[in-house]
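# Close look at the chain arrangement
Below are the chains, spelled out letter by letter.
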Amino acid sequence: MAVRQSPEAVLRDVFGFSSFRGQQREVIDTVVNGSDAFVLMPTGGGKSLCFQIPALVRDGIGIVVSPLISLMKDQVDALNAAGVEAAYLNSSLSADRARAVAREVAADEIKLLYVAPERLMMPEFLDQLRELEISLFAIDEAHCVSQWGHDFRPEYVQLGQIRRHFPGIPVIALTATADEQTRKDVQNRLGLNDARVFIAGFDRPNIRYLVEPKTSNPFGQLKAFLDGVGDESSIVYCLSRKRVETVAEKLRDGGFDAAAYHAGMASADRSRVQEKFLRDDLKIVVATVAFGMGIDKPNVRAVAHYDMPKNLEGYYQETGRAGRDGLPSQAMLLFGMSDVVFARKLINEMENAAQRQIESHKLDAMVGFAEAITCRRRVLLGYFGEDLGRDCGNCDVCLKPRETYDATEDAYRALMCVYQLGQKFGMQHTIDVLRGADTTRIRQFRHQNVEMYGKGASQSLDHWLSVFRQLVHLGYLRQDIADFSSLKLTPLTKKVVRREETVMLTKPMPKEPKSKRERRGARPAGFTEEPLFQILRAVRKGLADAQEVPPFVIFSDATLLDMANKKPATPDEMLAVSGVGYHKLVKYGTPFLAAIQSAGTPA
Ligand code: ADP
Ligand code: ZN
């Protein structure tokens, strides 16, 4: 029997980390001692080590079930790079390669085997496993077993039998899905009712949440945001394929390295985009929500929503693709009232009344988040049942508390204008009238003759959009979906037009500082501009390309950043860098040490 290494020793020597994070230690001890564990941790929380370390500490082979074929290879490559004997079996392997893996498994040469769920449950495969010493079963993305969840996979259902087939062998299930109903269901279906449950908070403190009301030039807003992100990996989500195509094209025209990704594209084209993005050969993917499922890229620095997602569940999952490596990242939502109107329209067209109600409730929560004037993170976590207990200091509301102003006169004019237009027109036309525009429509309806015509000419279009949006939100106006989104007065209107009530509104978001230096100061992802980091990144890219793996398989951004800070000069110093273990030191240490040395030598 092999001499057992302690979990700490494996953490340090194999993975190159100095301490466990959060509940990793407790989870690992539980599994090492042979008990079942059920682990809920947010994305980037460090779930992988929770089963990888026990598999290395215990005797036998660890079986890891993972739903996404595309992820298995990257994970196995990353383990191999750290010197761990890992392999995978799925339908992407040639018959020859699959046989070779089976031989290695039978010869006890593999410590961690990744398999697709349908493969694991094949009777012959189960028989084969019974011949082996198994250290543990890990079920990654365990929420896929539940129909309540958002990613139900029929091939996961049979995994419920594992617990019965292999009594005495620990099973660890892991997921990032927050909601309680799904969690209970997953536990039941996997037969993990006696498992120790570990629930970490769902906060992603390294993600900065930003919301901007859509102005009349949303593309300009997106560009300004991406400019601030710099030369880093970003995802831009749009709701329709057509929007994806146009935004991607406009970004390319504007000099950005961007490509489109949506379900209407040929699958070869989609794979190519995904692969380039993983390899850092493409900076920006503009995509529908279909993009991201098979992506485990840790160094996505920004996620932008060009359109409002349908609910907070989707929003949280999509923004969660930023900053898996724990480094500062940003999520920006462009929030437009027309998106809300459109989403409501779709919901109202749903046949099923119960469904309509649920979707409508979820949409309200989404809008509530976008219009929040209190800490966004509190609103977000509160929705998932978690109380942060303080303001986060890392969202747009915390960073730039919104000022309110006395908008009684603006509100008066806006409401009077709606009244004088007979409550038959939408926001855009009403604002045109207020601003004294000369449009065909105004001429057609002779709206130059309306008393409020031109009474708001001194204010910008965006100012009025903000006023109207807030009046709707506060209930002074409503948009009638059944009548082409025309504006209607409400019972609250009366007091304002009789000038019996003061209306306080929040000022539109202050404009970003214009000078380059100020902009850089406001940029949380600024570390990536450090020259040595850039040099190390180029070294990593060269090694990754030579080995045909994504760069993060070699070292994470967090590791390169630590290296750039510590500037190790010897192999021993290199070992002190977070994420550098013995194997990686031997394999990759030299080129990085050389790069650091020559960067430090004045030319
Ligand atoms: P998850 O699967 O929960 O999304 P991962 O297991 O991919 O998260 O871990 C996220 C990142 O955190 C990875 O880059 C990983 O190397 C790093 N990490 C995990 N545990 C530690 C630790 N104890 N110390 C330092 N970095 C860690
Ligand atoms: Zn906040």
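Figured I'd write up the structure that's included with this text.

### Examining the pairing of strand 12 (residues 300-305)
- For strand 12, the tally of buried residues reaches six of six residues, placing the bulk of the element in the interior.
- Here strand 9 (residues 233-237) runs beside strand 12; their pairing, made up of five bridges, is parallel. Bridging across to strand 12, Tyr237 finds its partner in His305.
- Bridge count between strand 12 and strand 13 (residues 329-335): four bridges; the pairing is parallel. Bridged to Ala302 within strand 13 is Gln330.

### With respect to the packing of helix 15 (residues 353-370) against helix 16 (residues 376-383)
- At a minimum axis distance of 9 Å, the contact between helix 15 and helix 16 shows a crossing angle of 160°. Here helix 15 is positioned roughly antiparallel relative to helix 16, judged by the angle of their axes. Helix-helix and strand crossings are classified by hand; for helix 15 and helix 16 the assignment is right-handed. Across from Lys362, Ala365, Phe369 and Ala370 in helix 15, the residues of helix 16 making contact are Arg376, Val379, Leu380 and Tyr383.
- Its residues placed into classes, the contact of helix 15 with helix 16 shows six nonpolar, no polar and two charged.

### Describing the environment of Asn217
- Its place among the elements puts Asn217 in the loop between strand 8 (207-213) and helix 10 (218-229).
- C-alpha separation for the pair Asn217 and Asp462, spaced 245 residues apart in sequence, amounts to 9.5 Å.

### Observations concerning the sheet that holds strand 8
- Read across the open sheet, the six strands follow the order 8-13-12-9-11-10; overall the sheet is parallel. Strand pairing shows two members of the sheet lacking a second neighbour, strand 8 and strand 10 (258-261), which therefore form its edges. Sheet twist, expressed as the mean angle between neighbouring strand axes with direction ignored, is 15°.
- In this sheet, strand 11 (residues 284-287) lies alongside strand 10 in parallel orientation, the contact comprising four bridges. The residue of strand 11 that forms the bridge with Ala260 is Val286.
- Sheet strands in contact with helix 13 (residues 312-319) are strand 8, strand 9, strand 12 and strand 13, and its direction is about 150° off that of strand 12.
- Along the sheet, helix 15 contacts strand 8 and strand 13; its crossing angle with strand 13, the most-contacted strand, is approximately 110°.

### Some remarks on the packing of aromatic side chains
- Taken as a whole, this structure holds nine aromatic pairs when the rule is applied.
- Ring centres of Tyr209 and Tyr315 lie 6.4 Å apart, and the angle between their planes is 45°; this geometry places the pair in the tilted category. Linking Tyr209 in strand 8 with Tyr315 in helix 13, this pair joins segments that are 106 residues apart in sequence.
- Exposure remark for Tyr209: the relative accessible area of 1% places this residue in the buried category.
- Using a relative accessible area of 0% as the deciding quantity, one classes Tyr315 as buried.
- Between Trp464 and Phe468, the ring centres sit 6.4 Å apart and the planes meet at 55°, which makes this aromatic pair tilted. Highlighted residues: Trp464 and Phe468, both in helix 21 (residues 461-473), separated by four residues, approximately one helical turn. We note that Trp464, like Phe468, is buried.

### What about the coordination of the zinc ion (ligand 2)?
- Coordination sphere of the zinc ion (ligand 2), protein contribution only: Cys375 (SG), Cys392 (SG), Cys395 (SG) and Cys398 (SG), at 2.3 to 2.4 Å.
- Site description for the zinc ion (ligand 2): donor spacing in sequence, C-x16-C-x2-C-x2-C. Of the two residues, Cys375 is situated in the loop between helix 15 and helix 16 and Cys392 in the loop between helix 16 and helix 17 (396-399); the sequence distance between them amounts to 17 residues. Here Cys375 matches Cys392 in class, with each residue buried.

### Side note on helix 3 (residues 47-57)
- Counting buried residues in helix 3 gives 10 out of 11 residues, a clear majority hidden from the surface.
- All buried positions along helix 3 are accounted for by Lys47, Leu49, Cys50, Phe51, Gln52, Ile53, Pro54, Ala55, Leu56 and Val57.

### Thoughts on helix 18 (residues 408-420)
- Given a rise of 1.5 Å per residue, 13 residues ought to cover 18 Å, and the 18 Å separating the end C-alpha atoms of helix 18 matches this to within 8%.
- Positive phi appears at Gly422, one or two residues downstream of helix 18, with a value of about 70°.

### What about the site of ligand 1?
- Close to ligand 1 lie 14 residues; Ser19, Gly44, Lys47, Ser48 and Arg324 are nearest.
- Note that a nitrogen atom of ligand 1 is positioned 2.9 Å from one of the backbone N or O atoms of Ser19.
- Ser48 has a polar side-chain atom sitting 2.7 Å from an oxygen atom of ligand 1.
- Contact with the protein chains removes 80% of the 570 Å² of surface that ligand 1 exposes when unbound.
- In terms of residue count, helix 3 provides more of the shell around ligand 1 than any other element does, three residues in total.
- Counted by class, the shell around ligand 1 contains four nonpolar, seven polar and three charged residues.

### Examining unusual backbone geometry
- At Glu141, a residue that is not glycine, the phi angle is positive and equals roughly 50°.
- On the secondary structure map, Glu141 appears in the loop between strand 5 (134-139) and helix 8 (162-165).
- By relative accessible area, which is 27% here, Glu141 ends up partly exposed.
- You will see that Arg446, though not glycine, has its phi angle at about 55°, which is positive.
- Here Arg446 shows up in the loop between helix 20 (440-444) and helix 21.
- The class for Arg446 is exposed, based on a relative accessible area of 59%.

Rules behind the numbers
- Within each chain, residue numbers correspond to sequence positions counted from 1 in written order.
- The lettering of chains begins at A and the numbering of ligands begins at 1, in the order of writing.
- Restriction of local features to residues with pLDDT of at least 70 applies here, the model being predicted, together with a cutoff of 80 or more for giving and counting side-chain atom pairs; totals for whole chains, interfaces and linings are based on all residues.
- Side-chain measures here rest on the full set of heavy atoms in the structure, leaving out hydrogens and waters.
- Accessible area is worked out with a 1.4 Å probe on protein chains only. A residue is then buried under 20% of its type maximum, exposed over 50%, and partly exposed in between.
- Numbering of helices and strands runs from the N terminus, with a helix taken as a DSSP run of H or I at least four residues long and a strand as a DSSP run of E at least two residues long.
- Here the rule is simple: two strands pair whenever DSSP picks up at least two bridges between them.
- For helices, the fitted axis covers only the stretch in contact; all axes are lines through C-alpha atoms, and the angles between them, taken along N-to-C directions, range from 0 to 180 degrees.
- In what follows, roughly perpendicular refers to angles from 65 to 115 degrees, roughly parallel to angles under 35, roughly antiparallel to angles over 145, and oblique to any angle outside these ranges.
- By the definition used in this description, the sense in which the near helix is turned from the far one sets the handedness, with an anticlockwise turn below a right angle giving left-handed and a clockwise turn giving right-handed.
- We call two residues contacting when some pair of their heavy atoms lies within 4.5 Å.
- Throughout, the ten residues Ala, Val, Leu, Ile, Met, Phe, Trp, Tyr, Cys and Pro are labelled nonpolar, Asp, Glu, Lys and Arg are labelled charged, and all others, Gly among them, are labelled polar.
- Any two of the Phe, Tyr and Trp rings considered here, Trp counted by its six-membered ring, make a pair once their centres fall within 6.5 Å; the pair's planes then place it as stacked at under 30 degrees, edge-to-face at over 60, or tilted in between.
- Each metal's donors are the N, O and S atoms within 2.8 Å of it, or within 3.2 Å when it is Na, K or Ca, and because water is not part of the set, sites may look incomplete.
- Multiplying 1.5 Å by the residue count of a helix minus one yields the expected span of that helix.
- By convention in this text, a residue qualifies as near a molecule or strand provided that one of its non-hydrogen atoms is within 4 Å of it.
- In protein, a polar contact means a hydrogen-donor-capable atom and an acceptor-capable atom, both N or O and within 3.5 Å, with residues adjacent in sequence counting only if both atoms are side-chain atoms; elsewhere, any N or O pair within 3.5 Å suffices.
- Residue exposure ignores everything except the shown protein chains as possible cover, and the areas themselves are Shrake-Rupley values with a 1.4 Å probe.

Geometric descriptors of this kind do not, in isolation, establish any biological role.
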